[in-house]
Amino acid sequence: MRKQYVVLALALLAGIGLLNLDWVKEAPVTATPVVSGNEEADYYGDQLYRRQYNAAGQLEQSFRAATLQHFPLSAVSHFTRPRIITTAEDGKMWQIDALTGEALDQDERLTLREQVEIRSINTPADDPITIHTDWLNYHAGQQTATTDAPVVIRHPATLTEATGMTLNVADRTLQLHHQVNTRYVPQASE
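To start, this report covers the structure provided alongside it. The structure presented is a predicted model; accordingly, all values stated were derived computationally and were not measured. (Residues numbered from 1 in each chain as written. Predicted model: local features only at pLDDT ≥ 70, side-chain atom pairs only at ≥ 80, totals over all residues. Heavy atoms only, no water.)

### Focus on the pairing of strand β5 (residues 76-80)
Now for step 1: Relative to β5, strand β4 (residues 59-71) is paired through 5 bridges, and the arrangement is antiparallel. Residue His 70 lies in a different strand from β5, and its bridge partner there is Ser 77.
Now for step 2: The antiparallel pairing of β4 with β5 creates a hairpin that spans 4 residues between the two strands, and Ala 75 there sits at a positive phi of about 55 degrees.
Now for step 3: Pairing of β5 with strand β8 (residues 100-104) involves 5 bridges; the strand directions are antiparallel. The residue of β8 that forms the bridge with Val 76 is Leu 104. (Pairing = 2+ DSSP bridges. Helix = DSSP H or I, 4+ residues; strand = E, 2+ residues; numbered from the N terminus.)

Here it is, written out as structure tokens:
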């Protein structure tokens, strides 16, 4: 009888040992925390997509980003490959792309950096407009994009360079601030 208890105790210990070994092998995989300076991101995600509608229920703006990292102490979110598509009241659409972006928690402003490009996306193929700059601030509530950096605007047969601009998407106006230089080369007509 005593032998049976010893064998049972040994089998029980071996079973617990195997369960413990299995638990160690199947430990959950954890993501590497994202750190900026001395601060660690409290949440992050991939393939962010946000839509904003006006009072009539029509799509007014959409925002996409490849990645998002939020830092609570500095109250800022960092984005990679942000894209904003915004629609004016008359249905004209603009697309704004950049390599990186950031937004403060208490602000509706999104700062876009590195290879920022603004383009009209529902215009005739022979009438595209593209605007390039190093950085800009996009104010979502006002649908305006502003920068003090150099700006290059390309339009068929026209190249405009300036320092600083304000683009108001809602009323489709573009104001160039300083040192505006435009070159016009008419296209040959057949």
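### Quick word on the layout of surface pockets
Now for step 1: Computed from the structure, the largest pocket encloses a volume of approximately 410 Å³.
Now for step 2: For the largest pocket, the lining is made up of 20 residues, of which Arg 50, Phe 63, Ala 103, Glu 108 and Leu 110 are closest to its centre.
Now for step 3: For the lining of the largest pocket, the elements supplying multiple residues, two or more each, are β3 (43-53), β4, β5, β8 and β9 (109-120).
Now for step 4: At 4 residues, the largest contribution of residues to the lining of the largest pocket is made by β4. (1 Å grid on protein atoms, 1.4 Å probe; cavity = no way out; pocket = protein on both sides within 12 Å on 5 of 7 lines; lining within 4 Å. Points joined across faces, edges and corners; volume = space filled by probe spheres on them.)

### Structural notes on the pattern of salt bridges
Now for step 1: On inspection of all chains with the given rule, the structure shows 4 salt bridges.
Now for step 2: With a closest N to O distance of 2.6 Å, Asp 97 and Arg 83 form a salt bridge. Separated by 14 residues along the polypeptide, Asp 97 in strand β7 (residues 93-97) and Arg 83 in strand β6 (residues 83-87) bring together distant segments of the chain.
Now for step 3: With a closest N to O distance of 2.8 Å, Arg 183 and Glu 161 form a salt bridge. You can see Arg 183 sitting in strand β13 (residues 173-184) and its partner Glu 161 sitting in strand β12 (residues 158-168), a full 22 residues away along the chain. (Salt bridge = Lys/Arg side-chain N within 4 Å of Asp/Glu carboxyl O.)

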